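Structural overview for review
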There are 2 protein chains.
Amino acid sequence: MSRTFTAVRQVRRPEGVPVPEDFAVVTGTAPDLRAGQVLVQNLYLSVDPYMRGLMRREGWARGFGLEGRSLGRVVESRDPALPEGTTVFHHHGWATHAVLTGDEVRTVVAPPGVPLPAYLGVLGGTGLTAFVGLTRIARLQPGEDLFVSAAAGGVGGSVGQIARLLGAGRIIGSAGTPAKVRYLIDVLGFDAAFDYHDASVTEQLAAAAPDGIDVCFENVGGDHLEAALAALRTRGRVAWCGAIAEYNNPEDPPAAPRNLAEIMRKDLRVEGFGVRDHLDARADLEALVIPHIQAGRIRVDQTVVDGFDRIVDAFLGLLRGENTGKMLVRVAD
Amino acid sequence: MSRTFTAVRQVRRPEGVPVPEDFAVVTGTAPDLRAGQVLVQNLYLSVDPYMRGLMRREGWARGFGLEGRSLGRVVESRDPALPEGTTVFHHHGWATHAVLTGDEVRTVVAPPGVPLPAYLGVLGGTGLTAFVGLTRIARLQPGEDLFVSAAAGGVGGSVGQIARLLGAGRIIGSAGTPAKVRYLIDVLGFDAAFDYHDASVTEQLAAAAPDGIDVCFENVGGDHLEAALAALRTRGRVAWCGAIAEYNNPEDPPAAPRNLAEIMRKDLRVEGFGVRDHLDARADLEALVIPHIQAGRIRVDQTVVDGFDRIVDAFLGLLRGENTGKMLVRVAD
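Cut-off values and rules
- Residues numbered from 1 in each chain as written.
- Chains lettered and ligands numbered in written order.
- Predicted model: local features only at pLDDT ≥ 70, side-chain atom pairs only at ≥ 80, totals over all residues.
- Heavy atoms only, no water.
- Least-squares fit on C-alpha atoms with pLDDT ≥ 70 in both.
- Contact = heavy atoms within 4.5 Å.
- Domains from an automatic or database assignment.
- Buried area = accessible area lost by both parts, 1.4 Å probe.
- Nonpolar A, V, L, I, M, F, W, Y, C, P; charged D, E, K, R; others polar.
- Salt bridge = Lys/Arg side-chain N within 4 Å of Asp/Glu carboxyl O.
- Polar contact = N/O pair within 3.5 Å; in protein donor to acceptor, adjacent residues only side chain to side chain.
- Helix = DSSP H or I, 4+ residues; strand = E, 2+ residues; numbered from the N terminus.
- Pairing = 2+ DSSP bridges.
- Core = buried A, V, L, I, M, F, W, Y, C linked by side-chain atoms within 4.5 Å.
- Buried < 20%, exposed > 50% of the residue type's maximum accessible area, 1.4 Å probe, protein only.
- Phe/Tyr/Trp six-rings, centres within 6.5 Å; stacked < 30°, edge-to-face > 60°.
- Lys NZ or Arg CZ within 6 Å of the ring centre and 35° of its normal.

Examining the relation of the copies chain B and chain A
Superposing chain B onto chain A takes a rotation of 180° plus a shift of 0.0 Å along the axis, which leaves an RMSD of 0.0 Å. Here the copies are linked by what is in effect a two-fold axis. By C-alpha distance to the rotation axis, the residue of chain B lying nearest is V270(B), at 2.5 Å. Most of the interface of chain B is mirrored in chain A, where 100% of its interface residues are also at the interface.

Describing the domain arrangement of chain A
Residues and elements named next belong to chain A. Here the domain parsing of chain A yields domain 1 (4–118 + 301–330) and domain 2 (125–276). Summarising the inter-unit geometry, the C-alpha centres of domain 1 and domain 2 are found 29 Å apart. Listed per partner, the contact involves 16 residues of domain 1 and 15 residues of domain 2. Interface area, domain 1 with domain 2, both sides summed: about 1,200 Å², of which 51% is carbon and sulfur. A class-by-class count of the residues in the side of domain 1 that touches domain 2 yields four nonpolar, five polar and seven charged.

Comments concerning the interface of chain B and chain A
Taken residue by residue, the interface counts 30 residues in chain B and 30 residues in chain A. Buried surface at the junction of chain B and chain A, both sides included, amounts to about 2,400 Å², of which 55% is carbon and sulfur. Here chain B is connected to chain A by four salt bridges. In this structure, the salt-bridge partner of R276(B) is D267(A), at a minimum N-O distance of 2.9 Å. The interface formed by chain B and chain A holds ten residue pairs in polar contact (both at pLDDT 80 or more) in total. Within the residue set of the side of chain B that touches chain A, elements represented by two or more residues are β12 (232–240), α7 (262–265) and β13 (269–272) of chain B. Residue contributions to the side of chain B that touches chain A peak at four residues, all from β13(B). Its residues assigned to classes, the side of chain B that touches chain A comprises 15 nonpolar, three polar and twelve charged. Bridge analysis of strand β13 (residues 269–272) of chain A against β13(B) gives three bridges, and the strand direction is antiparallel. In the sheet register, V270(A) faces β13(B), and the bridge partner there is V270(B).

Quick look at the nonpolar core
In this structure, W240(A) and W240(B) are the most contacted members of the largest nonpolar core, which totals 50 residues. Filtering out sequence-adjacent residues up to four positions away, W240(B) remains in contact with L260(A), A261(A), I263(A), M264(A), E218(B), G221(B), L225(B), V270(B), E271(B), G272(B) and F273(B).

Structural notes on the packing of aromatic side chains
All names here are of chain A. According to the stated counting rule, one finds ten aromatic pairs over all chains in the structure shown. Geometrically, the ring pair formed by F23 and F315 is edge-to-face, given 6.4 Å between the ring centres and 80° between the ring planes. Pair noted here: F23 is in strand β2 (residues 23–29) and F315 is in helix α10 (residues 311–319), with a separation of 292 residues, a long-range link. Arranged with centres 6.1 Å apart and planes meeting at 85°, the rings of F217 and F273 form a pair that is edge-to-face. Here the residue F217 occupies a position in strand β11 (residues 213–218), and F273 occupies one in the loop between β13 and α9 (282–294), the gap between them amounting to 56 residues. A single burial state applies to F217 and to F273, both of which are buried. Within the aromatic cluster, the residues linked to one another by ring pairs are F23, W94 and F315. Here the guanidinium or amino end of R106 rests over the ring plane of F89, the centre of that ring lying 4.7 Å away.

And the structure:
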C-alpha cells in the first residue's frame, strides 16, 4: 500500500476572491504510525463557504493539510477500535490521506439506502446546520412560511427539504441562475423561487410572498437580508447562517439593509449561529431524515468534482456558485 | 366641579421633526356619565418617543385626545368599584380629563415611600420596558457587561438602575450632553459614560469597554447599533427597544451598520420587542424595584413640565433630548 500522500496548503492570505496561486500542492510520505493512530485514505472531501473565512486567520494549516469535513477509510491501524476498512468522518481535509487518532474521527456506518456522501451533505454539517437553524434558532412552527437564500446550495437545499419534513407552509428560495431556479421548483419542490439577478430581491420576495414570511434562513446577507426584513411578519425570525456576499470582502461589505429598524418595529429576532454549538442535535437530525432518504423523499443532491487534484477548482467554483446541492470532491471510491 | 376639559389633537401628519402646528388645542364639556363610566381628572401625563411613530398612523385620535400613559383621579363615578378619589392609570392621555370605563383603567395605590409619578416611570411602561428587555429579551446574567444607548432618558435610566439590581457587571451608557454624562456617572452610578457627539460611538464604546460587552440595550439605532455589534462578545445579545435616531425620518434612516455580519460571525442575537407583549411581568418588576425605591437605592428621576398647556412643548423637547429621566407633564396635583 502506498504511503505517499498529496495535500493542498494555503500559502498566502487571499486578497478578495481567492485564486489558484493562493494554494500549493505538496507531496510526502506518511510517517510510521504510533500506537493509537490510524492512516486514513480519504474518499470524499467537502468544500464549504465558511472556509473562505478561515483563510483570513493565521495558522490555518493543521496536520497534513487544511481543515475540512472528510469521509475516509482506515487503511492502516494501530488502534484496535478502528480496524482497517472502517469508514470514518474527520476534519482533516484537503489531502489524500490523514494520520489520525481515535478522538479525531467518528465512525460512519451508512444504513441501507443511504449513500455514503450524504454524511457530508444532508446528514453532515450541512444538513445539521439546516436542521439546527430551523428548529433551534428560528424555531419554525408547522404552517409557517419560509424564505431561504442561496437555496440551491448545499445548506439551502437541505433547509428547503428539512423544512418540508417539519411541516413548513410556503417555502421560497432565491438562487443565481435560471437552471437553479428550475431545480428548486421542479426537483426540490419549492413553492416559489427566483433568480436574484432578475430584479431587486425585495421586489421579487414581495411578489413571491405577498402575505409575508415567518422565517428567513439567511445564507447571503446584504440585499437578501433587507428583503427578508421587509417581508417578515411580526415576531418573525432570521436564522443567520452565512453571508457569502461578503466573505471575500469583509472590509467592503455589500450595502447594509436600510430597513434595519424593522427588527424593532416588528419585534423580529435576528440570530447568528454556528453548528459547532449544536452537535448534540445530530441524533435528532438522523432520526428525522434517514427514513425519508431511504424512501426517496429526501434527495441527496451534490455536485461531485472528481480527483483530489481538482480540490482548488472545486472550492473556487463553489465561491462562484457553480454547484447545485452540496459541493464535494471525490478522492477515491 | 368643572366639567370643562382641554385636549390636544393631532391635526396633520408631521413631516420630519414635528412642529407645534401639527397639533391643536380643543376644549369642551365632558358628557354626562353613563352607568359604568367614571370621569378622571388627569394628574400626570407621560410623553414618550414611541408616540412619534404612532403619529404616522391614520386614525390616531382616540377618545378625547391622543393615546398616552396617564395617571389621574376619579372625580365623578358611576362605577361602584371606582369611587371618587381613586387613583388610576390609563392610556387616554393628551387631555386634562378622560371619561373611562373600568376595563380601561388600572387602580394604582402607591406604597409608602413610592412617589405616584413612579408609576409612569420606573414602575410604569418605561421601567417595564427596561425590565423585560433585560430579563426576557437579553436574558442578562449576573456579571455580564452592558451598554445602554440614550442612557439618560426614561428607559435608559431605568435600564441602568435595574441592571444593577440584577447583578450586571460593568454598565456603560451614551448620552447627548456633558451634563447627562455626568448625571449617568455621578447620580445613576454608571461605570462609564460618553457623549456621542465627542467622537465616533464605535471608538468611544471600544475605549469604555476594551474587553467587550455581553448585552446592548438599544434605544437609538444607526451608529450606536454599529458600535454595539463591534463590541459584543460571542453570543452577545441586543435588546432593541427604540430607534429615536430614525423616528422622524423613517424613509431616510441613518447610516445602517456596515458590520451587520458580526451577527453571524459572533453568533449574536438581535431582538426587537414591545412591552405590550409582556405586561404580565409587572408583578416581578414591582417586587424587585419597590423595596429599592423605598430604601432610596433606586432614583425616580424625571423631568416634569408643569401645566397641560405645555404638553406639546414637553413632547417636542423630549424628541430634542431635553429631558433627564422620564419626561412627564404635571396637569394637577
